[in-house]
Amino acid sequence: MTTTAPDVRKTPATPAKKKRGGGVIGNTGLYIATGVAALLFLIPFYLIVRNALMTDPEITGENWKWFPTDIQWGNITEPFQDETVDFGRALWNSWVVAILHTSGILLICSLAGYGLARIPYKHANKVFYAVLVTLMIPTAVTFVPSFVLVSSLGWVDSYRGLIIPGLFSGFTCFLFRQYFLGFPKELEEAARVDGLSYWGAYWRVVVPNSLNFFAAMATITFISGWNSFLWPLVIGQDPSAWTIQVALSAYMTNQTVNYHLIFMSTAISILPLVLVFLFLQRWLVQGIAQTGIKG
C-alpha cells in the first residue's frame, strides 16, 4: 500500500515591518512645536506677574525690563487695603457664585441629559431639539427680558439674581445626554432588577461611575462662572454685590489707571482658576472624550 506523503509547504515568513523613518526627527519637531505653543500661552501670565511686582513708572517706562529692578512685594497686600474697592468681598462673592453655579448646572443638566437619554418618552426627541434651539438664540436677545424678570422679583444685588438665571445650559445638557447614551446599560438594568427607580439608578449607579465626566464639566463650568462679567455687572449694582471681574473694572476710571494694582488684582483673581485647573485637568480631556462627539 503506497502512502502519499503529505504536501508540506513552507509558509512564507512574514516580512518584518520596517520602522518608519524620521521617527526621532518627527518627535523632536513635535516637542519643539509643543514647547513654542506653551511659551506663547505663558506669555500673558509672565506679563501679569511681571507688571504686578513693578511700580507704575517701570511699567509705563520707555525702556523695556524683563524683570522688576526692585520687586514690590508690598503690592500683594495693596488690593486688600484699597478703600475704593472691597476686593476681599468681591473674591468671596465670586467663590459663592462660581461654586453654586457649578453645582446647580451639574445637577440640573445631568438630570435633564439622563432623562433625555434613558427615560422612554414619545416626545423626548422634540424636547431635545427644543434644547438645541436654545443654543441658537443669542445671549443679547434674552438679556433684557432676564433682567426685567430678575428686577421684578427683587433679586437685584443678591446671590439669587446672580446665580439662578444661569442654572441651565443647553450645551451642558447636550454633552450629558451624549455621555449617558454611551453609558453601559447593563449597570442600570441590574440596578432596576434590584428595585431601584430611575432616580435611584442615576444617583447610586450612574453618578459614582461617571465622576471623570462630572469633574470635566465642573472644570469648564467653574471657569465660565468665575469669568462671567456682563451679567454680574448689571445685577450687582451695589459694591457689596460685585464679583471679582466687576471689581477689576473699577480700577480703571476716566481720570486714573493704577497699573500695578490692576495687574496684581488680576494675578490674585486667576490663582483660583489655575489651582482648579491643575487639580482637575487630568479629567478634562478624558471627560470630553467620553461625550461621544467625534471629529
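Cut-offs and rules
Residues numbered from 1 in each chain as written. Predicted model: local features only at pLDDT ≥ 70, side-chain atom pairs only at ≥ 80, totals over all residues. Heavy atoms only, no water. Helix = DSSP H or I, 4+ residues; strand = E, 2+ residues; numbered from the N terminus. Buried < 20%, exposed > 50% of the residue type's maximum accessible area, 1.4 Å probe, protein only. Contact = heavy atoms within 4.5 Å. Areas by Shrake-Rupley, 256 points an atom, 1.4 Å probe, with all protein chains shown as cover. Core = buried A, V, L, I, M, F, W, Y, C linked by side-chain atoms within 4.5 Å. Axes fitted to C-alpha atoms, helices over the stretch in contact; angles between N-to-C directions. Left-handed = near helix turned anticlockwise from the far one by under 90°. Nonpolar A, V, L, I, M, F, W, Y, C, P; charged D, E, K, R; others polar. Parallel < 35°, antiparallel > 145°, perpendicular 65-115°, else oblique. Phe/Tyr/Trp six-rings, centres within 6.5 Å; stacked < 30°, edge-to-face > 60°. Lys NZ or Arg CZ within 6 Å of the ring centre and 35° of its normal. Patch = residues over 30% accessible without salt bridge, like charges linked within 9 Å, V, L, I, M, F, W, Y side chains within 5 Å. Salt bridge = Lys/Arg side-chain N within 4 Å of Asp/Glu carboxyl O. pLDDT = per-residue confidence, 0-100.

J.: When you look at the overall build of the chain in this model, what are you seeing that I'm missing?
T.: Across its full length, the chain carries 14 helices and 0 strands. The linear arrangement of helices and strands in the chain, starting from the amino end, is α-α-α-α-α-α-α-α-α-α-α-α-α-α. By residue count, 36% of the 295 residues in the chain fall in the buried class. Here the contacts in the chain between residues at least 6 apart in sequence split such that 73% fall between residues at least 24 apart. When the accessible surface of the chain is totalled, it reaches about 19100 Å², and 66% of it is carbon and sulfur.

J.: Help me understand the nonpolar core in this model?
T.: For soluble globular proteins, nonpolar side chains are generally found buried alongside one another. In terms of nonpolar packing, the biggest core is built from 25 residues, with Tyr-114, Phe-176, Phe-180, Tyr-202, Phe-213 and Met-217 touching the most fellow members. Ignoring any residue separated from it by four or fewer positions in sequence, one finds Tyr-114 in contact with Ile-119, Phe-180, Glu-188, Tyr-198, Ala-201, Tyr-202 and Val-206.

J.: What should I look at first to understand the packing of helix H4 (residues 87–118) against helix H10 (residues 198–206) in this one?
T.: Any two packed helices are characterised by the angle at which their axes cross and by the distance between the axes. The N-to-C vectors of H4 and H10 enclose an angle of 115 degrees; their axes lie 11 Å apart at closest approach. Crossing hand, H4 versus H10: right-handed. For the pair H4 and H10, the contacting residues are Leu-107, Ser-110, Leu-111, Tyr-114 and Arg-118 in the first and Tyr-198, Trp-199, Ala-201, Tyr-202 and Val-206 in the second. When the residues that make up the contact of H4 with H10 are grouped by side-chain class, the tally is 8 nonpolar, 1 polar and 1 charged.

J.: Can you walk me through the packing of helix H5 (residues 124–134) against helix H8 (residues 170–181) in this structure?
T.: As a packed pair, H5 and H8 sit with axes 8 Å apart at the nearest point and diverge in direction by 140 degrees. Between H5 and H8, the interaxial angle falls into the category oblique. The hand of the H5/H8 crossing is left-handed. Two secondary-structure elements touch here, H5 through Asn-125, Phe-128, Val-131, Leu-132 and Thr-134 and H8 through Gly-170, Cys-173, Phe-174 and Arg-177. Of the residues assigned to the contact of H5 with H8, the class counts are 5 nonpolar, 3 polar and 1 charged.

J.: Sorry, what's going on with the packing of aromatic side chains here?
T.: Each pair of aromatic rings is reported with the distance of its centres and the angle of its planes. Counted under the stated rule, the structure contains 18 aromatic pairs. Plain terms: the ring middles of Trp-95 and Trp-226 are 5.4 Å apart, the flat faces sit at 75 degrees to each other, and that makes the pair edge-to-face. Here Trp-95, found in helix H4, pairs with Trp-226, found in helix H11 (residues 211–227); they are 131 residues apart in sequence, far enough to count as distant. For Trp-226, a relative accessible area of 2% corresponds to the buried category. Ring geometry for Phe-128 versus Phe-174: centroids 6.1 Å apart, planes at 20 degrees, classification stacked. With Phe-128 in helix H5 and Phe-174 in helix H8, this pair connects stretches of sequence that are 46 residues apart. Residues Phe-128 and Phe-174 agree in their burial class; the two are buried. Feature note: the residues Tyr-114, Phe-176, Tyr-179, Phe-180, Phe-183, Trp-199, Tyr-202, Trp-203, Phe-213 and Phe-214 constitute an aromatic cluster, connected by ring pairs. When the ring centre of Phe-128 is taken as origin, the NZ or CZ atom of Arg-177, which lies over that ring, is 3.8 Å away.

J.: Sorry if this is basic, but what is going on with a nonpolar patch on the surface here?
T.: On the surface, a cluster of nonpolar side chains totalling about 590 Å² of accessible area is made up of Leu-107, Ile-108, Leu-111, Phe-168, Trp-199 and Trp-203. Counting residues per element, the nonpolar patch draws most heavily on H4, at 3 residues. The residue Trp-199 is located in helix H10 in this model. Take Trp-199: its relative accessible area is 48%, and that puts it in the partly exposed class.

J.: What am I meant to see in the pattern of salt bridges here?
T.: Side-chain pairs of opposite charge can arise where the charged atoms are in close proximity. On inspection of all chains with the given rule, the structure shows 1 salt bridge. As a salt-bridge pair, Arg-118 and Glu-188 come within 2.6 Å of each other at their nearest N and O atoms. Of this pair, Arg-118 sits in helix H4 while Glu-188 sits in helix H9 (residues 185–193); the two residues are 70 residues apart in sequence, bridging distant segments of the chain. Here Arg-118 matches Glu-188 in class, with each residue buried.

J.: What am I meant to see in the confidence of the model for the chain here?
T.: Should pLDDT be low for a region, the predicted coordinates there are not to be read in detail. Mean pLDDT over the chain works out to 80, with 87% of the residues at or above the 70 mark. By mean pLDDT, helix H2 (residues 56–60) is the weakest element of the chain at 74, and H4 is the strongest at 90. Confidence over residues 291–295 falls short of pLDDT 50; this stretch has 6 contacts with residues more than four positions distant or in other chains.

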